[in-house]
Amino acid sequence: MAVLVTGASGFLGGRLAEMLCARGEEVLVLARQKSDLQHLAGTQLRVVRGSLADEAILREAVKSVSAIYHCAACSTDWAPWKTYYEANVAGTRRLVAAAFEARRLERFVHVSTTDIYGYPLVPCSEEASAVDAGLPYNQTKGAGELAVWEAHRQHRLPVTIIRPATIYGPRGKDFTVEIATLLRQRMMATVDRGTARAGFTYVDNVAKAIMDACGSAKALGQAYNIADGTNATWAEYLGLFAAELGVRRPWIDLSLATAMRIATVLETPHRMLSLRGRPLLTRHAVLLLGRDQEFPNGKAVREIGFSPAVALEEGIRRSVEWLRETGWAA
C-alpha cells in the first residue's frame, strides 16, 4: 500500500522519500508544479503535483495511502508571517482534514520541532508544554502541532509526532550549506564561545526514526524528541566542519545578550519596512546558537528503538563530500 510524503523537495522530506523507496515502499510525494525533484531522479516514486493549499488534490493524494509523513514546513529563521502561517498552520490543517477521508490510513506522522518548547534554559522531555517564544517559526510550528493533536483527541486520527532538534547532513541548507559558506567567508560567529550543546541529529538518523515510529504500535498518540545524543557543542561542530573543509575556525564571538541586542536591531528595519532578504543576524539564530538544544531522546530510544547509525564525524564528512560534489566547496 502506498505512503505519502509532503515536503519531498526539501531536506528531510527528500531524504525520507529516498529511504522509503530504498525500503521497497510505494511512495507518493506531494510537490508544487515548479518544485525541483532532481535529487529523487533515481527513485521509483509517483509525484502528485499540487500544494498544501489545494484541498481537492490533498483529498485525492491521501485517498488510498496507509501512511502520511508530513515533513513540509517553512523552517527558515526569517520569512513573512504569512509564509510561516500558510505552511505550518493552514497547510497542516488542510492535510489533517483530508486525512479524515483516507479510509486506509494507519498512521499520520507529523514532523514538528523541539523549537516548540520555546528555547528553555534546560532542555525538557516530551511531557513539557509548548511555549510561545514570540518567534514566528516557534509559534506556527506549535500551532500546527496543536491542530494535529486535536485531530487525534477529537477524531481519533492515528497520530505520531516527531520533534527533531538540529538536523544536518547533505542537502541541508541551514546547518550545512550556510555554515560552510560562512566558514569560508570567515563570517561564522559563535555565541558564548560556542559552549551550548546543539542537539545535532544526522538527517538519515531522523528519517529512520520517523519510519520506525510509523511502524510502532507504541508510538500511536505519542511524541518523540529526536537528537543523536552526541552532547556536541557548536564549537566542536564548527571545528570539525572547518577542519573537513580545510578552512580556519570561527574567530567572531558574541555573548548571548549582545547577540540578541544586535539581532533585534537588525530585524527591526526588515520588519517595519518589509525589506527584501534577511537580516545578517536573527533572534531565532541566536537562540539556536546560544541555548542548550540537547533535548533528551530517552523516550525514543525506549519505545521506538532509536539508535543513531551515523556518528557526528561521519555525518560531517558526508556533508562536506556532498558540498564538494555539488560545487559548494572546492
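To start, this report covers the structure provided alongside it. (Residues numbered from 1 in each chain as written. Predicted model: local features only at pLDDT ≥ 70, side-chain atom pairs only at ≥ 80, totals over all residues. Heavy atoms only, no water.)

1. Thoughts on the overall build of the protein chain
Next, step 1: Scanning the protein chain for helices and strands turns up 11 helices and 11 strands.
Next, step 2: In terms of principal-axis extent, the alpha carbons of the protein chain reach across some 55 × 40 × 40 Å.
Next, step 3: Residue pairs in contact within the protein chain that sit at least 24 positions apart in sequence constitute 77% of those at least 6 positions apart.
Next, step 4: Working note: accessible area of the protein chain is about 15000 Å², and carbon and sulfur atoms make up 53% of it.
Next, step 5: Side chains of the protein chain give 39 positive and 34 negative charges; the mean places of these two sets differ by 3 Å. (Helix = DSSP H or I, 4+ residues; strand = E, 2+ residues; numbered from the N terminus. Contact = heavy atoms within 4.5 Å. Areas by Shrake-Rupley, 256 points an atom, 1.4 Å probe, with all protein chains shown as cover. Lys, Arg positive; Asp, Glu negative; His and termini not counted. Charge placed at Lys NZ, Arg CZ, Asp CG, Glu CD.)

2. Details of the nonpolar core
Next, step 1: Within the largest apolar cluster, 75 residues are counted, with the highest numbers of intra-cluster contacts made by Tyr69, Tyr237 and Phe241.
Next, step 2: For this core, the element with the highest residue contribution is helix α6 (residues 203–214), accounting for eight residues.
Next, step 3: When residues no more than four places from it in sequence are discounted, the contact partners of Phe241 are Phe175, Thr176, Ile179, Ala180, Leu183, Ile316, Val320 and Leu323.
Next, step 4: Formed by 26 residues, the second largest nonpolar core is a distinct cluster that contains Val62, Ile68, Ala98 and Val159. (Core = buried A, V, L, I, M, F, W, Y, C linked by side-chain atoms within 4.5 Å. Buried < 20%, exposed > 50% of the residue type's maximum accessible area, 1.4 Å probe, protein only.)

3. Some words on the sheet that holds strand β3 (residues 45–49)
Next, step 1: Here we have seven strands laid out as an open sheet, ordered β3-β2-β1-β4-β5-β6-β10, and parallel in their pairing. Each of the sheet's edge strands pairs with one partner strand only, and the pair in question is β3 and β10 (223–226). Averaged over all adjacent pairs, the angle separating strand axes in this sheet is 20°, with direction ignored.
Next, step 2: Sheet topology note: the strand β4 (residues 67–70)/strand β5 (residues 107–111) ladder contains four bridges and is parallel. The residue bridging Ile68 from the neighbouring strand is Phe108, located in β5.
Next, step 3: Packed on one face of the sheet, helix α4 (residues 136–155) meets β5, β6 (159–164) and β10 and runs near 160° to β6.
Next, step 4: Packing against the sheet, α6 makes contact with β4, β5, β6 and β10, and its axis sits at approximately 150° to β5. (Pairing = 2+ DSSP bridges. Axes fitted to C-alpha atoms, helices over the stretch in contact; angles between N-to-C directions.)

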